[in-house]
Structure formats: C-alpha cells, structure tokens
Amino acid sequence: MKTELLNFNHLIRAAEIIQEGGLLGIPTETVYGLGADGLNPVAVRSIFQAKGRPQDNPLILHIWSANWLERYCEDIPDAAYRLAERFWPGPLTMILKCKKRTPQELEALRTGPVCSRTHFGPRIIPDVVTAGLDTVGMRCPAHPLCRMIIQMAQTPIAAPSGNTSGRPSPTTAQHMLEDMDGKIPAILDGGPCEVGVESTIIDLTCTPPRLLRPGGVIPEQLEEVLGRVKVDPAVTRQLGKGEKPRAPGMKYRHYAPKAPVTAVKGDPERGAAYIREHLSHTRWDGVICFEEFLPLFVQAAGPVLSLGPAADQAEQARRLFDALRAMDTTDVKHIWAQCPNDSGIGLAVANRLNKAAGFHIVEV
Ligand code: AMP
Ligand code: MG
C-alpha cells in the first residue's frame, strides 16, 4: 500500500476513508493522530496493528463539541461542561464514565442485522477503544481540518498519536509518514502542530480530579475551573514495583529515540555547563540544549540541537519531539538533553523528556 499525502483539497476523500473503516493520519493542534471511526471495532483494531500498540492501552475519542458527550458518556459531572466551556475546542482530554447500553438496546442487537460496525459490548463505545475499561477519554480538538473530518464523517474519531508505539509522537505529516508509510492509506497534511505535545488528560471520575498527563492546558488553568487538582505521581516520577498506574498508557516506555537520553534538570546555566563537562568529544554524543547555550557546544563533534529559549516553554513543547526524531537520523549513542522546570507547559515538556530518558535524570 502506498500512503498518500492529502491536503485541504482532499477533505471528502479523507472523510470517506474514516467512514469506510480505514485509517487516516490526522493533524491536530497537539500532535498528529492515527484516526479511525471510533464506533467501528474492526477499524479501531487496525489502529493497534499499524502502531504496534499494546491492546490494553486505550484510545481517546475526538468529538465535534461538548454536545456529543451525552451520546457516549453518562454521569457527566458539571465540571466537564465548565472545562469544555473554557478549553474546548483545545488540548484537553477528560476521562468520563462510558454510557451503558439499555437491556432493550442489547436485545435489539441480538436479533438485529450485523455489519462491520456492530459490536456486542455492554457499552455504546466498543471495548477495543477503552481497553475494556468503563471509562473513556473524550477530547474536542481545535485543528480546523481535524474538525472538518469529524463533522463530515459524523462519528467520533478514535485516535492515539500517529507514531509507531514507543517512538516520539509526530508533529508534522512528514514525521508521521516516516512511521506509517505503507501501513495506512493516507495522511492529511495540516502543517506543523501548534502545541507539539499530546493533550492534557484529566480524570473526572474521581475526587479531586486527577491530572494523568500534563499537556497544553496547564494545572493552574485547570484549578481555576476545578479548584484542587491532584497530579498523579506517575507524571513526575517512575512508579515503584507494585504501584498500579491509573492510566494504562503510563506503564509503557514512551517517546524514546533510539539512543539513551540523560535529562539534565535544574538551573539552565549550570545544566549546560554540566553537559559540556561530561560530553565526550566524539560524534557519538548528541546534545539538545536551550538556544542561548548553543555557543558552549560549537566544538562538539556530535549533533547539537536547540530546544528553543530557556524561558520559552511553549517553543520547547513544539520542538521536543522534532529534536528527538532528528537525533534518530544520526548515529549518536547517547543524548544529553536540557530539561525545563515543572512550571506551566514546562511540566508537559519535562514529563515527555523524562519518559524518553526512562527517568534517567541528573539534577544540577
Ligand atoms: P495517545 O493518544 O497515544 O497519547 O494515548 C492516549 C492516552 O490516553 C494513553 O496514555 C491512555 O492510557 C490514555 N487514556 C485513554 N483512555 C483512558 C481511560 N479511560 N482512562 C485513563 N487513561 C486513558
Ligand atoms: Mg502516544
């Protein structure tokens, strides 16, 4: 199969792929997603296959607006609507209770006609989307092309990030093509992603609400709407043996380039000096540093990439996955990366970088 690159002139074709149960690379404001009709279990199963994603790692459903929530969810707390009002469309995923099927609906299924979209699960959303959980991640994305596809296909689109499982998420159509060429019919090119890291995930099925993954909507913004928010321990540290992750995805190695990464945290100037001191002057060592410290590494034999200015965490979010992927095109055997502190969207950048580093972090 040759993977086509589509653009805004091919929206009808793109929406047809979804309707026909195919896989589509979709631009969103966070990262590119690998989308399929979220109500078609056969289509959703092929997402897992194309990515090599473990079956127990559930997907997020992308909807047109908060008005669609009641079709798929129940016991929706008022907080969900307040969050939607403030942050949707945008980079926020809410974990909510799945809507159960009524006995009448189940009976009608047993006796009615069957097609590829039919599934016999106890909930409206097929189990393959939620990995059998009774909760589901719901997001209303902001990217105009993604919104057009949802509107035209008239279905919630199940989509994880469009990378091969374990690799850095794609933030351009070209990155997604690197991973998915020959595996899916098409990728819709919507330009580089504005946020650059995946959505914030907030679990609204517990009290207080729990931040499962930091992203473009920062904890301080959530707290303005929700009051207290608990940050899940897995966001900032590696879970110990016997600790059960609250989001199934938390237990997998993530975002990782081929070479091992050491994340260097703390004062940026001291961090850059630390890297310069410990860098082997061979081409096997790569560096990802804040822009102002590039001059420190002019003598480095290996690749040196900028993560953006130390104070501009939004730019760091846009560049991180790009930089990790760029390192994969070199033959480095070790990557030193400067890591921002946990304020603002820095929490999301640090979270991805720490996971890419397998929590191999040096504090300076
Ligand atoms: P990805 O889009 O590849 O970043 O993956 C989606 C993320 O959402 C994964 O980390 C999942 O574990 C998480 N997720 C999806 N549904 C749920 C759910 N019902 N409860 C907790 N986490 C979820
Ligand atoms: Mg992912």
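Just above, that's the structure.
What you see is a predicted model, and the numbers here were worked out from it, not measured in a lab.

Draft legend 1. Structural detail: the pairing of strand β11 (residues 210-213). In this sheet, β11 lies alongside strand β10 (residues 200-203) in antiparallel orientation, the contact comprising 3 bridges. Note on β11: the bridge partner recorded for Ile-202 is Leu-211. The hairpin turn running from β10 into β11, its antiparallel successor, is 6 residues long. Inspection of the sheet shows β11 paired to strand β12 (residues 230-231) by 2 bridges, in the parallel sense.

Draft legend 2. The state of the cysteines, seen in detail. Counted by the stated rule, this structure contains 0 disulfides. Cysteine Cys-140 remains unbridged, with the sulfur of Cys-146 as its closest cysteine sulfur at 8.9 Å. Free cysteine: Cys-193, not disulfide-bonded; nearest cysteine sulfur from Cys-146 at 10 Å.

Draft legend 3. The arrangement of the packing of aromatic side chains in detail. The tally for this structure, following the rule as stated, stands at 2 aromatic pairs. Taking the centre distance of 5.4 Å and the plane angle of 35° together, the rings of Tyr-255 and Phe-321 count as tilted. With Tyr-255 in the loop between β12 and β13 (261-265) and Phe-321 in helix α11 (residues 313-328), this pair connects stretches of sequence that are 66 residues apart. Like Phe-321, Tyr-255 is buried. Centroid distance Tyr-274 to Trp-336: 6.3 Å. Interplanar angle 65°. Geometry classified as edge-to-face. A residue pair is termed long-range when its members are at least 10 positions apart, and Tyr-274 in helix α10 (residues 268-278) and Trp-336 in strand β16 (residues 334-338) qualify at 62 residues. What makes Tyr-274 partly exposed here is its relative accessible area of 22%.

What counts as what
Residues numbered from 1 in each chain as written. Chains lettered and ligands numbered in written order. Predicted model: local features only at pLDDT ≥ 70, side-chain atom pairs only at ≥ 80, totals over all residues. Heavy atoms only, no water. Pairing = 2+ DSSP bridges. Helix = DSSP H or I, 4+ residues; strand = E, 2+ residues; numbered from the N terminus. Disulfide = S-S within 2.5 Å. Phe/Tyr/Trp six-rings, centres within 6.5 Å; stacked < 30°, edge-to-face > 60°. Buried < 20%, exposed > 50% of the residue type's maximum accessible area, 1.4 Å probe, protein only.

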